[in-house]
Amino acid sequence: MIAFDIHARDQVASTNSCIKELIAEGAPEGTVVMAKEQVGGYGRRGHAWVSPEGGLYLSILVRPRERVATEDAAALMAKVPTLSLVTGLAVRQGLCRMLPEQAAEQIKVKWPNDVMVLRDGVLAKLCGISLEGTPDALCLGVGVNVLPPEGAERDDRCAYALDLAEGAEVTVSRAAHCVLGSFAEHYEAWLAQPFSSFLGGFEEANALAGCVVAVREGSEVTEGSFAGVDERGRMLLRQHDGGIRAIVSGEAHIERFA
């Protein structure tokens, strides 16, 4: 089982940047950087943001190629893109361990790398996940909205773990413990099993079931009805002519519920 070495910081530009520096220095698998605040976060297509105190911001260094036999390395690397979705399932499970049982009905996983809360037919973002890689290691970034930022105006597009607490103890440190514990279990299973073994769990928590979605891949936008995820982690879209298109990556936006 992966063992974690947690480096706690008050403020960083981004925990991903810290982990990438540690990868270059040869840090071992299980190294984690966790910060109270991020002031230079970044994402797809140059999106930048700050992450105020109250959230769980951490990045995990993993070295999967060191964990498998040489003859299995090619198959492992082929399924690397599925690790962000598996991490989403891990985050969901970890948060469900911290929250009341009924919270599981509301916490959903949205392809390819978000965890959402579904309330009254509306999805709000609870967690974002990023996956960055080098030939030797991967950096998994996780940002969970645990507590609303003090004094900040609430954004309806965001959900917070505290909103689902119903009297349960919700703290950033407890969220970190639950999420890392769940990630360790999911990561070990991902190393040992094909991604297809996770599909049942994904379907139970799928945020896009019954939705018509538009997926942006660079400058191209593809629209269709969500038809599931395949054994390679690709989104399957049923298009207007009835054909199925497999989408490797992109940003998925809900157009409407079918």
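This text follows the structure it describes.
Residues numbered from 1 in each chain as written. Predicted model: local features only at pLDDT ≥ 70, side-chain atom pairs only at ≥ 80, totals over all residues. Heavy atoms only, no water.

**Regarding the packing of aromatic side chains**
- Scanning all chains against the criterion turns up 3 aromatic pairs.
- Within the aromatic cluster, the residues linked to one another by ring pairs are Phe183, Tyr187 and Trp190.
- Over the face of the ring belonging to Trp190 we find Lys79, whose NZ or CZ atom lies 5.1 Å from the ring centre. (Phe/Tyr/Trp six-rings, centres within 6.5 Å; stacked < 30°, edge-to-face > 60°. Lys NZ or Arg CZ within 6 Å of the ring centre and 35° of its normal.)

**Some details on the pairing of strand E9 (residues 211–217)**
- Counted residue by residue, E9 has 5 buried out of 7 residues, so it is predominantly covered.
- Two strands pair when backbone bridges link them, and E9 and strand E10 (residues 220–229) are joined in this way by 6 bridges, in the antiparallel orientation. When the bridges of E10 are listed, Val213 appears paired with Gly224.
- From the end of E9 to the start of E10, which pair antiparallel, there are 2 residues, and Gly218 there has a positive phi angle of about 65 degrees. (Buried < 20%, exposed > 50% of the residue type's maximum accessible area, 1.4 Å probe, protein only. Helix = DSSP H or I, 4+ residues; strand = E, 2+ residues; numbered from the N terminus. Pairing = 2+ DSSP bridges.)

**Looking at the side chain of Glu29**
- Residue placement: Glu29 occurs in the loop between helix H1 (15–24) and strand E2 (31–42).
- A polar side-chain atom of Glu29 sits 2.7 Å from the main-chain amide nitrogen of Arg63.
- Reaching out from Glu29, the side chain makes a polar contact with the side chain of Tyr187 at a distance of 2.6 Å. (Polar contact = N/O pair within 3.5 Å; in protein donor to acceptor, adjacent residues only side chain to side chain.)

**What to know about unusual backbone geometry**
- Going from Trp111 to Pro112, the amide bond is cis rather than trans, its omega being 0 degrees.
- Mapped onto the fold, Pro112 is located in the loop between strand E5 (107–110) and strand E6 (114–119).
- Here the phi dihedral of Glu166 falls at roughly 50 degrees; this positive angle occurs in a residue that is not glycine.
- Mapped onto the elements of the fold, Glu166 is located in the loop between strand E8 (138–144) and helix H4 (172–192).
- For Glu166, a relative accessible area of 60% translates into the label exposed.

**Some details on the side chain of Gln38**
- Residue placement: Gln38 occurs in strand E2.
- With a relative accessible area of 9%, Gln38 lands in the buried category.
- In this structure the side chain of Gln38 is engaged in a polar contact, spanning 2.9 Å, whose partner is the backbone nitrogen of Thr15.

**Regarding the pattern of salt bridges**
- With the rule as written, the count across this model stands at 9 salt bridges.
- In this structure, Arg67 engages Glu188 in a salt bridge whose closest nitrogen and oxygen atoms are separated by 2.6 Å. Within this pair, whereas Arg67 is found in the loop between strand E4 (56–62) and helix H2 (73–78), its partner Glu188 is found in helix H4, the two being separated by 121 residues in sequence.
- Residue Arg67 is classed as partly exposed on the basis of its relative accessible area of 35%.
- One salt bridge connects Asp230 with Arg234, and the closest N-O pair in it is separated by 2.7 Å.
- Asp230 sits in the buried class, given a relative accessible area of 7%.
- Overlapping salt bridges bring together Glu29, Arg67 and Glu188 as one network. (Salt bridge = Lys/Arg side-chain N within 4 Å of Asp/Glu carboxyl O.)

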